[in-house]
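Overview (structure and organization)
This is what each chain is made of:
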Amino acid sequence: MEWNLLRSPRLAWASLVLGLVAACGSENASKGARDGIPEDALVEQVDMNADGRPDMTRTFIAGTAEGEARRLVRIDVDLNFDGRVDKRSTYNPDTGKLEKVEVNYDFDDAFDMISYYDAEGNLEAQKIDRDFDGKPDVLKRFKGGLLYSRQIDSNGDATWDLWEYFTKKGEVYRIGKDLDGDGSPEYFEDLKK
């Protein structure tokens, strides 16, 4: 049975952004393992714009102990309703904590930003492909949810050549530069004393 949870695309978008879409939709057990998900996974699909195609898919695995509830392992979302996944959130099957979020900003089937989370579900790192060439141009690292460093490939040669280090207030206090193209900074400038 397929439930058209939200018939208005505007309401569907609002609910998606706010995370208010309830766990309902069509359910089926998938056949065959894919992307590390067991073949007996339970898949729920929601058609948010009533076009007959699922726009959000939630994948669950069965609990390991008898009577244990199913566990969410992935959410795939089609943000522009073209039938392709534009955002994928992956959860740790043991803890239920968010592990990774992948987003396709230019809708070309390649994820342009990948965010990684630590065991507690805190943002740890992000790889960003700003020029949509399939290679990350920016690598951000976080500690305690705060940005502490950013590596940048400023010339598109797939090698980091600029490093920025941040204070807890989010201000750049140090810059490193790769002068010889080896991917390591040789020059540092301290901006705050």
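Computed from a predicted structure; not experimentally measured.

How each quantity is defined
Residues numbered from 1 in each chain as written. Predicted model: local features only at pLDDT ≥ 70, side-chain atom pairs only at ≥ 80, totals over all residues. Heavy atoms only, no water. pLDDT = per-residue confidence, 0-100. Helix = DSSP H or I, 4+ residues; strand = E, 2+ residues; numbered from the N terminus. Contact = heavy atoms within 4.5 Å. Pairing = 2+ DSSP bridges. Phe/Tyr/Trp six-rings, centres within 6.5 Å; stacked < 30°, edge-to-face > 60°. Lys NZ or Arg CZ within 6 Å of the ring centre and 35° of its normal. Salt bridge = Lys/Arg side-chain N within 4 Å of Asp/Glu carboxyl O. Buried < 20%, exposed > 50% of the residue type's maximum accessible area, 1.4 Å probe, protein only. Core = buried A, V, L, I, M, F, W, Y, C linked by side-chain atoms within 4.5 Å.

Let's talk about the confidence of the model for the protein
When the pLDDT values of the protein are averaged, the result is 83; 81% of them are 70 or greater. In the model of the protein, helix α1 (residues 9–18) stands out as the element of lowest mean pLDDT, 40, in contrast to strand β7 (residues 113–117), which has the highest, 98. Throughout residues 1–32 the model reports pLDDT below 50, and contacts reaching past four residues in sequence, or to other chains, amount to 70 contacts.

Topic: the pairing of strand β8 (residues 123–128)
Where β7 meets β8, five bridges bridge the pair, whose relative direction is antiparallel. Across the sheet, residue Tyr 117 finds its bridge partner in β8, namely Leu 123. Taking the residues between adjacent antiparallel strands as the criterion, β7 and β8 are bridged by five residues, where Gly 121 takes a positive phi near 90°. Both β8 and strand β9 (residues 138–143) contribute to a ladder of four bridges, which runs antiparallel. By the bridge assignment, Ile 128 is partnered in β9 with Val 138.

Observations concerning the packing of aromatic side chains
This structure, assessed with the given rule, holds zero aromatic pairs. Residue placement shows Lys 143 over the ring face of Tyr 148; its charged tip is 4.6 Å from the ring centre.

Focus: the pairing of β7
Bridge count between strand β6 (residues 98–103) and β7: four bridges; the pairing is antiparallel. In the sheet register, Lys 100 faces β7, and the bridge partner there is Tyr 116.

Looking at the pattern of salt bridges
Per the stated rule, a full pass over the model turns up 11 salt bridges. Measuring nitrogen to oxygen at the nearest pair gives 4.0 Å for the salt bridge that ties Arg 71 to Asp 94. Of this pair, Arg 71 sits in strand β4 (residues 71–77) while Asp 94 sits in the loop between β5 (87–91) and β6; the two residues are 23 residues apart in sequence, bridging distant segments of the chain. Taking relative accessible area as the criterion, Arg 71 reaches 14% and is therefore assigned buried.

With respect to the side chain of Gln 126
Mapping Gln 126 onto the fold places it in strand β8. Relative accessible area serves as the criterion here: at 12%, Gln 126 is assigned to the buried category. In this view, Gln 126 contacts Met 113, Ile 114, Ser 115, Val 138, Leu 139, Lys 140 and Phe 142; residues no more than four positions away in its chain are not counted.

Structural notes on the environment of Val 172
Looking at the element boundaries, Val 172 is found in strand β12 (residues 172–177). Sequence separation between Val 172 and Lys 192 is 20 residues, and the spatial gap between their C-alpha atoms is 8.3 Å. When sequence neighbours within four positions are dropped, the list of residues in contact with Val 172 reads Glu 164, Tyr 165, Phe 166, Leu 191 and Lys 192.

Concerning the nonpolar core
One finds Val 46, Met 48, Met 56, Ile 75, Val 77, Leu 79, Phe 81 and Tyr 91 forming the largest nonpolar core, which totals eight residues. By size, the runner-up hydrophobic cluster in this structure holds six residues, among which are Val 101, Ile 128, Val 138 and Ile 152.

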